[in-house]
Amino acid sequence: MTSVREIVVRGSVQAAGTLAVIAGLIGLITGWPYGHGLITAGLAVYLASLFNRRMSFHRSMGAFELMRAQGDDALQHIESAVRSYRKLAVKRPREAMHLADALGKQWKVLNKLSRHDEALQVGREEVETWRAVVINEPAHRVRLSTALNHVSVSLNRLDRDDESISVDEEAIVVQRSLVAQDEQLLALHVANLAVDLRNLGRWEEALPAAVEAVGLYRRLAPSEPDLLEAAANAAESLQIIALRLDRYEDGVAAAREWVGFERARAADQPQRTPQLAEAVRQLGSTLMMADRREEGQTSWRESLEIRRRLAESADEHRPAYAEACSTIGHGLEALGEAAEALAVFQTGLSVRRELAAIDPKHYDDLLTELAEAAFSTRLYTGDSEPAAASFAAEASAVAREHPGSISRAALVEAADLLTRAEFADEAHELEDLSAQHSDSR
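Our subject in this report is the structure included herewith. (Residues numbered from 1 in each chain as written. Predicted model: local features only at pLDDT ≥ 70, side-chain atom pairs only at ≥ 80, totals over all residues. Heavy atoms only, no water.)

Considerations on the nonpolar core
Soluble, globular proteins show a tendency: their nonpolar side chains are buried together. Core analysis: the biggest nonpolar cluster contains 45 residues, and Tyr217, Ile241 and Phe261 have the highest contact counts within it. Secondary structure elements with two or more residues in this core: helix H8 (161-176), helix H9 (183-199), helix H10 (203-220), helix H11 (228-244), helix H12 (248-268), helix H13 (273-289) and helix H14 (293-313). When residues of this core are assigned to their parent elements, the largest contribution, ten residues, is made by H10. Excluding residues within four positions of it along the chain, Phe261 makes contact with Tyr217, Arg218, Ala221, Leu228, Ala231, Ala232 and Ala235. One finds Ala96, Trp107, Val151 and Val174 within the second-largest nonpolar core, a separate group that totals 34 residues. (Core = buried A, V, L, I, M, F, W, Y, C linked by side-chain atoms within 4.5 Å. Buried < 20%, exposed > 50% of the residue type's maximum accessible area, 1.4 Å probe, protein only. Helix = DSSP H or I, 4+ residues; strand = E, 2+ residues; numbered from the N terminus. Contact = heavy atoms within 4.5 Å.)

Structure below.
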């Protein structure tokens, strides 16, 4: 803030400079030989009055380097800016926010480059700098909250979840004080805490944090579409935690929230439709765990229908459709829906056969899915279903006829499934092929 004294002094200096310029002009007009020099001196005095003690070479250099921070040399320029602002902060601690801002930009570049060890150190310095700033300027607490999130992200990416708990908790304390100002960051921090506790196996502690995160996003996302991704991730996390704690109805509620967020995203961003299909499938599986069979089957069928439409619209979605048929077919067979399961298996295998005919890399998946179909059908229908033997025989034929296109790992996995399904001859053939395999493809 500018003092009264400073205003008076600067005004006086500017007045003197102005008078000198005027006197010099009069002197030039009247022929005085020193008029030109007086004008120059007056202008110099006036310009000098525009500078004050708050102007800084280091601040100027830092700002200049940040403006140059583009492209491949971005990190180099930002590091130069950080050095300039560090020197400024030593002389004028109240201006440390310039250093904190530059550190935040440095963290973002390092994080993008996956240099997480360096990013962590920068993030910690950013936090300490903002802590010092907010002592005198509490309005910057939101920046401290963001810096704490930077540290949490770096710790997560270094698999140091145990250390990030305290960081998340501090971020939540800071953000709660700003909740009216910025609930989005509070939701982010609470969701981070839930994930960190979950990764450490502290499921009971993770549950209330996950519930709070989803509640915040439920309120915020309808008016902030950019939050839908974070909202979907939080709901998925809550579903995982609820199922881990055998709270199946809570898991169903969380899965429904997840599907709702993904529907909203897919409506605005059609490229997100595969994620919607997966969320709907997961909802079906969660409903099955809650013993809500008919609703679960309905969700599985919807998921398959979404995958089918995607596969018809673009070839890139066909592998996922084939895989979904295998997964859901297995689930339907477990429910005793043998006829529907068989139709789903056959649909998926038909797609996979077509893919393998075009690109041999799909033979691995074709072999595995045939063995899975044989195992599932035999497991749930016994010897009464000839389709199981047909799947096993085709698996053996595929392995025998395309040895150069199938990996040893796929042969071993398929042999194991056929052994468990009691198709001994086919399993032995695959075991022999795997023993001969050089895996040189």
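Additional details are given in the paragraphs that follow.
With respect to the packing of aromatic side chains
Between two aromatic rings, the relevant description is the distance of the centres plus the angle of the planes. One pass over the full model with this rule turns up one aromatic pair. Seen in terms of ring centroids, Phe345 and Phe391 are 6.2 Å apart; in terms of plane orientation they differ by 75°. Their pairing is edge-to-face. Residue Phe345 is found in helix H16 (residues 338-358), and its partner Phe391 is found in helix H18 (residues 386-401); the two are separated by 46 residues along the sequence. Comparing Phe345 with Phe391 shows no difference in burial state: the two are buried. It is Arg420 that lies over the ring of Phe375; its NZ or CZ is 4.6 Å from the centre. (Phe/Tyr/Trp six-rings, centres within 6.5 Å; stacked < 30°, edge-to-face > 60°. Lys NZ or Arg CZ within 6 Å of the ring centre and 35° of its normal.)

Focus on the pattern of salt bridges
Per the counting criterion, the structure on display carries 32 salt bridges. Here Glu305 makes a salt bridge to Arg309, at a shortest N to O gap of 3.6 Å. Of this pair, Glu305 and Arg309 both sit in helix H14, four residues apart, roughly one helical turn. Judged by relative accessible area, Glu305 falls into the partly exposed class, the value being 31%. Across the pair Asp365 and Arg352 runs a salt bridge, and its minimum N-O distance is 3.6 Å. Here the residue Asp365 occupies a position in helix H17 (residues 363-381), and Arg352 occupies one in helix H16, the gap between them amounting to 13 residues. Three or more residues joined by partner-sharing salt bridges are found here, namely Glu229, Glu262, Arg265 and Arg272. (Salt bridge = Lys/Arg side-chain N within 4 Å of Asp/Glu carboxyl O.)

Things to note about the environment of Leu38
By the element assignment, Leu38 lies in helix H2 (residues 35-49). Distance from Leu38 to Ala20, taken between C-alpha atoms, is 6.0 Å for residues 18 residues apart in sequence. Leave out the neighbours within four places in its chain, and Leu38 touches Ala20, Ala23, Gly24 and Trp32.

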